[in-house]
Amino acid sequence: METIDAQQELVFIKKIMTDSRKSAICNGKAFILWGILVTIGLLVTYFSIINHNLSVMNWLWPSLIGLGWIITIVMESKAAIKSRTKTFAAKILAYVWIGSGIAMTIIGFVGSVSGAFSGLYINPLISNILAVGFLITGILYGKTWVSLISLGWWVGAIVMFLWTGLYTFLLMSAMMILFLVIPGVFMFKQYKKELIAE
Amino acid sequence: MKEFDYHQIDDVIHSRIRLAIMSVLISIDEADFIFLREKVKTTDGNLSTHLKKLEDAGYVAVNKSFVNRKPISRYMLTQKGRKAFEIYVEHLENLIKKK
């Protein structure tokens, strides 16, 4: 049996553990998908309100959100089968976003349809949920810049709560691109880079 | 440089490759054979031999399935393996403290 120094052994263990934990836990695809779908919805909503053509709302959001869920389920199921590792962090992250997605869907549909609150408050409420999601994602992903995105969502929520108005649909669209689609693209690039590195 | 007291350490874990396998599996829940091979940086045959030793000791469990008709073996640490790894690391830390 070879002789190995205990300290070297611990360094070896730590290096392998750190290296293994680096395995990508978020590919960013869902952020890109939902960011694009919701931005389309917000812009169409804004222009349909401006043009007094609200009939489009009957099918717009149910179609977009339904499509989003279907694509997400198919995409994530395929990714789970193909995935070479399963980590606790990835599991937690998946449940955080599934929970957030359900909460946002309930706020978006049930909340507004029931008349519990004005439709203008949907955006700041959703912004708050996304902030929490990004804060946790950043911690689990091990990237501070991802956690910092939550600040953007929270500032946006405060602005939209304090100054309500139709402009919030445009502001929320810009936030979707800036704080969801663009981070998603960065995460996807990082994921691809890690896959090649492996 | 102080060396290990071989009477106190777990012989099953005390091998570079088996220790590497255990270190990978302690940090993630489950990993397939290819992932382990890349992290441990060894050959298929060598990895299989060491995985078998860990399986025989009850430290590692394997889950075999088919994805797109290709066989996939996913490995995970058992409770016994987790405990053994903890004790092993504890021994190392104690050795360093005694220095």
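Going by the structure above, here's the rest.
Given the structure is predicted, the values throughout are model-derived calculations rather than measurements.

### Structural notes on the pairing of strand β3 (residues 70-77) of chain B
All names here are of chain B.
- Where strand β1 (residues 30-32) and β3 come together, 2 bridges link them in antiparallel fashion. Across the sheet, the residue bridging to D32 is R74, located in β3.
- As judged from the 8 bridges shared by strand β2 (residues 60-67) and β3, these two strands associate in the antiparallel manner. Residue pairing for β3: V60 is matched across the bridge by L77.
- Between β2 and β3, which pair antiparallel one after the other, the connecting turn spans 2 residues, and N68 there sits at a positive phi close to 50°.

### A short note on unusual backbone geometry
- The residue A:H52 is not glycine, and still its phi comes out positive at about 50°.
- The topology assignment puts A:H52 in the loop between α2 (29-50) and α3 (57-82).
- Exposure remark for A:H52: the relative accessible area of 73% places this residue in the exposed category.
- Phi at B:K41 takes a positive value of approximately 60°, unusual for a residue other than glycine.
- Residue position: B:K41 is located in the loop between α2 (33-40) and α3 (44-56).
- The class of B:K41 is exposed, set by a relative accessible area of 66%.

### Here we look at the packing of aromatic side chains
- Tallied over the full model, the rule gives 9 aromatic pairs over all chains.
- Pairing A:W145 with A:F186 gives two aromatic rings, centres 6.1 Å apart and planes at 70°, and the pair type is edge-to-face. Within this pair, whereas A:W145 is found in helix α6 (residues 144-162), its partner A:F186 is found in helix α7 (residues 167-197), the two being separated by 41 residues in sequence.
- For the ring pair B:F33 and B:Y75, a centre distance of 6.5 Å and an interplane angle of 50° mean the geometry is tilted. Remark: B:Y75 occurs in strand β3 and B:F33 occurs in helix α2; sequence separation between them is 42 residues.
- Judged by relative accessible area, B:Y75 falls into the buried class, the value being 7%.

### Quick look at helix α1 (residues 16-27) of chain B
Residue and element names in this part refer to chain B.
- Taking 1.5 Å of rise per residue, 12 residues should cover 16 Å, and α1 covers 17 Å from first to last C-alpha, within 8% of that figure.
- Taking burial as the measure, the 12 residues of α1 include 11 buried ones, the bulk of the element.
- The set of residues buried in α1 consists of I17, R18, L19, A20, I21, M22, S23, V24, L25, I26 and S27.

### Concerning the nonpolar core
- A:I13, B:I21, B:M22, B:L25, B:L36, B:L51 and B:V60 are the most contacted members of the largest nonpolar core, which has 36 residues in total.
- For this core, the elements supplying multiple residues, two or more each, are α1 (6-21) of chain A together with α1, α2, α3, β3 and α4 (79-98) of chain B.
- With 8 residues, the single largest contributor to this core is α1(B).
- Sequence-distant contacts of B:L51, defined by excluding residues within four places in its chain, comprise B:I21, B:F33, B:L36, B:V60 and B:Y75.

Cut-offs applied
- Residues numbered from 1 in each chain as written.
- Chains lettered and ligands numbered in written order.
- Predicted model: local features only at pLDDT ≥ 70, side-chain atom pairs only at ≥ 80, totals over all residues.
- Heavy atoms only, no water.
- Pairing = 2+ DSSP bridges.
- Helix = DSSP H or I, 4+ residues; strand = E, 2+ residues; numbered from the N terminus.
- Buried < 20%, exposed > 50% of the residue type's maximum accessible area, 1.4 Å probe, protein only.
- Phe/Tyr/Trp six-rings, centres within 6.5 Å; stacked < 30°, edge-to-face > 60°.
- Expected span 1.5 Å × (residues − 1).
- Core = buried A, V, L, I, M, F, W, Y, C linked by side-chain atoms within 4.5 Å.
- Contact = heavy atoms within 4.5 Å.

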